[in-house]
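Residue-level listing of the chains:
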Amino acid sequence: MTTMVMTGGTSGFGMITAQRLKGGNARVILGARRPESALDTFPLELTELDSVRGFAAAVRAELGDTPIDALVLNAGLISPDADSRTADGFETTFAVNHLAHYLLLRLLLPALAQDAIVTLTTSGTHDPATKASLVTPRHADAELLAHPDRDPDRNPKASKAGQHAYTASKLCAVLTVRALTERHPQLTALAYDPGQVFGTGLAKDLALPLRIAWTVLGTPAGWPVRRFSPTLNTRTAAGNTLADLVFRLQTAPDGHTYAALRRGELAWIDPSVPARDDKLAQTLWADSARLVGLPD
Ligand SMILES: NC(=O)c1ccc[n+]([C@@H]2O[C@H](COP(=O)([O-])OP(=O)(O)OC[C@H]3O[C@@H](n4cnc5c(N)ncnc54)[C@H](OP(=O)(O)O)[C@@H]3O)[C@@H](O)[C@H]2O)c1
């Protein structure tokens, strides 16, 4: 039996992934803020770094010497602005999507199997080439993303600043995979871009019109829109493809770490230009370490 640890398996397409993983003779430990009866759930609130530390310690105590074969870091959110702060004083979207997952990765690294797979869920919105409707990242400066009020070029419009927090956090996910690959080449590290998946809970904190569109487009009524856009995928396709990657039913061609779901099929495309910058990746790694109180 293989051992897997996952975040973001309680709703959205991650719930489909978690169920697939569980059905594949794996022990799946889910980090979640609410219990999921079908799986081993340990408490994890990603807005609190102490909760991340507690979760990592609980997982390691539970598993003892049993190594983790797969670490699936899928949880995420988008906020309507960049104004909310976590218990640790960091901007919430960046803190949940990047910092908390970075800390979890660092704390569980020593418990990973030699040839473990690590996936981080990113988003095509990090890349201007995707032409998504969200503001694209201006930088991946951890200090400024943690404290956007210190960013001299912060967009004065709250919703745009919120979009930037999201897309920049997803750029950070791709860069973290890049840095991890360089530091631990024996691991398989992948950034998973599920395309656009309507009907999940992701839009629940956004303005009402966006929430309605998000919900309706996720139903069969949204099929005509989904049909003509290459980036739109169903929850089922997005969830199952992530499970396929974790089970290594689909594997990366040499040199590729960015798996993008387009029209329901995996495409091993290049992420954005900054997302391929090794120096930026290592700087982000070191700056993130400092923010969570770890050595580089
Ligand atoms: N939907 C899209 O179009 C899309 C596109 C690109 C990337 N993504 C990414 O895909 C991932 C899954 O998104 P989704 O669309 O399936 O969204 P979703 O339905 O909102 O699912 C998000 C998951 O993250 C968990 N989560 C959120 N905040 C958390 C916190 N503070 N502590 C612990 N867990 C937390 C949620 O837990 P609860 O069940 O407790 O809420 C849920 O399991 C995210 O990383 C998202 O950014 C989504």
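Keep in mind that this is a model prediction, so the values were computed, not measured. The written sequence of each chain sets the order in which its residues are numbered from 1. This being a predicted model, a pLDDT of at least 70 is required before a residue's local features are given, and a value of 80 or more before pairs of side-chain atoms are given or counted; all residues contribute to the totals for chains, interfaces and linings.

For this particular structure, what's the right way to read the overall build of the protein chain?
Secondary structure elements follow DSSP: runs of H or I no shorter than four residues count as helices, runs of E no shorter than two count as strands, and numbering proceeds from the N terminus. Along its length, the protein chain carries nine helices and eight strands. Values of the radius of gyration come from C-alpha atoms, whereas the globule rule sets the reference at 2.2 Å times the count of residues to the power 0.38. The globule rule puts the C-alpha radius of gyration for 296 residues at 19 Å, and the 18 Å found for the protein chain is close to it. The principal-axis extents of the C-alpha atoms in the protein chain amount to approximately 50 × 45 × 40 Å. In the protein chain, which comprises 296 residues, the share counted as buried stands at 47%. In the protein chain, of all internal contacts separated by at least 6 residues, the share reaching a separation of at least 24 is 71%. Comment: burial labels come from other C-beta atoms within 10 Å of the residue's own C-beta, placed from the backbone, where a count of 20 or more is buried, 12 or fewer is exposed, and between is partly exposed. Residue pairs are scored as contacts if the distance between their C-beta atoms, which are placed from the backbone, is within 7 Å.

Is there a simple way to think about the site of the ligand in this case?
Being near a molecule or strand means, for a residue, that its C-beta atom, positioned from the backbone, comes within 6 Å of it. Around the ligand, the structure places 27 residues, and the nearest of them are Gly12, Ala75, Gly76, Thr200 and Gly201. At three residues, helix 1 (residues 12-23) tops the list of elements feeding residues into the shell around the ligand. Its residues assigned to classes, the shell around the ligand comprises 10 nonpolar, 14 polar and three charged. Three residue categories are used. Nonpolar comprises Ala, Val, Leu, Ile, Met, Phe, Trp, Tyr, Cys and Pro, charged comprises Asp, Glu, Lys and Arg, and polar comprises the others, including Gly.

Just to check I follow, could you spell out helix 2 (residues 49-63) for this structure?
Helix length check: helix 2 (15 residues) gives 21 Å between terminal C-alpha atoms against 21 Å at 1.5 Å per residue, within 8%. Lining the buried residues of helix 2 we find strand 1 (2-7), strand 2 (26-32), strand 3 (40-43), helix 3 (92-108) and helix 9 (278-292). Gly64 occupies a position one or two residues after helix 2 and carries a positive phi of about 60°. The span expected for a helix works out to 1.5 Å for each residue beyond the first.

What should I look at first to understand the pairing of strand 4 (residues 68-73) in this one?
With respect to burial, strand 4 is a largely interior element, five of its six residues being buried. Strands are labelled as partners when DSSP assigns at least two bridges between them. Alignment of strand 1 against strand 4, held across four bridges, turns out to be parallel. By the bridge assignment for strand 4, Thr7 is matched with Leu73. Of the pairings in the sheet, the one linking strand 4 to strand 5 (residues 112-121) comprises five bridges and is parallel in character. Bridge pairing in strand 5 links Ile68 to Leu112. The handedness of the strand 4 to strand 5 crossover, carried by helix 3, is right-handed. Crossover handedness is defined here as right-handed if the route from the first strand over the helix to the second strand goes clockwise, with the strands pointing away from the viewer.

Mind showing me how you'd approach the sheet that holds strand 8 (residues 265-267) here?
Two orientations exist for strands paired in a sheet by backbone hydrogen bonds: parallel and antiparallel. As summarised here, the arrangement of the eight strands in space is 3-2-1-4-5-6-7-8, forming an open sheet in which the pairing is mixed. The open sheet has two edge strands, strand 3 and strand 8, and neither has a second partner. Ignoring which end each strand starts from, the neighbouring axes of this sheet average 25° apart. Here strand 6 (residues 188-193) runs beside strand 7 (residues 258-262); their pairing, made up of three bridges, is parallel. From the neighbouring strand, Ala191 faces strand 7, where its bridge partner is Tyr258. Along the sheet, helix 1 makes contact with strand 1, strand 2 and strand 4, crossing strand 2 at roughly 150°. For helices, the axis comes from a line fit to the C-alpha atoms of the stretch in contact; other axes are also lines fit to C-alpha atoms, and the angle between any two N-to-C directions lies between 0 and 180 degrees.

Explain the environment of Ile29 here, please?
Along the chain, Ile29 falls in strand 2. Remark: the alpha-carbon pair of Ile29 and His184, spanning 155 residues in sequence, is separated by 23 Å.

What's the story with the packing of helix 3 against helix 9 in this structure? I'm lost.
Working note: a packed helix pair is described by the angle between its axes plus the distance between those axes. Contact geometry for helix 3 and helix 9: axes closest at 10 Å, N-to-C directions at 85°. Our classification of the angle between helix 3 and helix 9 gives roughly perpendicular. Contacts from Leu99, Tyr102 and Leu103 in helix 3 reach Ser288, Leu291 and Val292 in helix 9. Taken together, the residues that form the contact of helix 3 with helix 9 break down as five nonpolar, one polar and no charged. Roughly parallel means an angle under 35 degrees; roughly antiparallel, over 145; roughly perpendicular, 65 to 115; everything else is oblique.

How should unusual backbone geometry be read in this particular structure?
Glycine aside, a negative phi is what most residues show, and trans is what most peptide bonds show. Positive phi, close to 60°, is recorded for Arg248, a residue that is not glycine. Phi at Arg263 takes a positive value of approximately 50°, unusual for a residue other than glycine. Checked against the element boundaries, Arg263 lands in the loop between strand 7 and strand 8. By the C-beta count within 10 Å, which is 14 here, Arg263 ends up partly exposed.

What should I look at first to understand helix 9 in this one?
Turn by turn, an α-helix covers 3.6 residues, leaving residues three or four places apart pointing in a common direction. Its 15 residues place the ends of helix 9 21 Å apart at the C-alpha level, agreeing with the 21 Å of an ideal helix rising 1.5 Å per residue. Those residues of helix 9 lying buried are Ala281, Leu284, Trp285, Ser288, Leu291 and Val292. For helix 9, the arc enclosing every buried residue in end-on projection is 130°, short of the 170-degree limit, so these residues lie on one face. Away from the buried face of helix 9 by more than 90 degrees, exposed residues Lys279 and Arg290 are located. Following helix 9 by one or two positions, Gly293 adopts a phi angle in the positive range, close to 80°. Here the arc refers to the set of directions running from the helix axis out to each C-beta atom.

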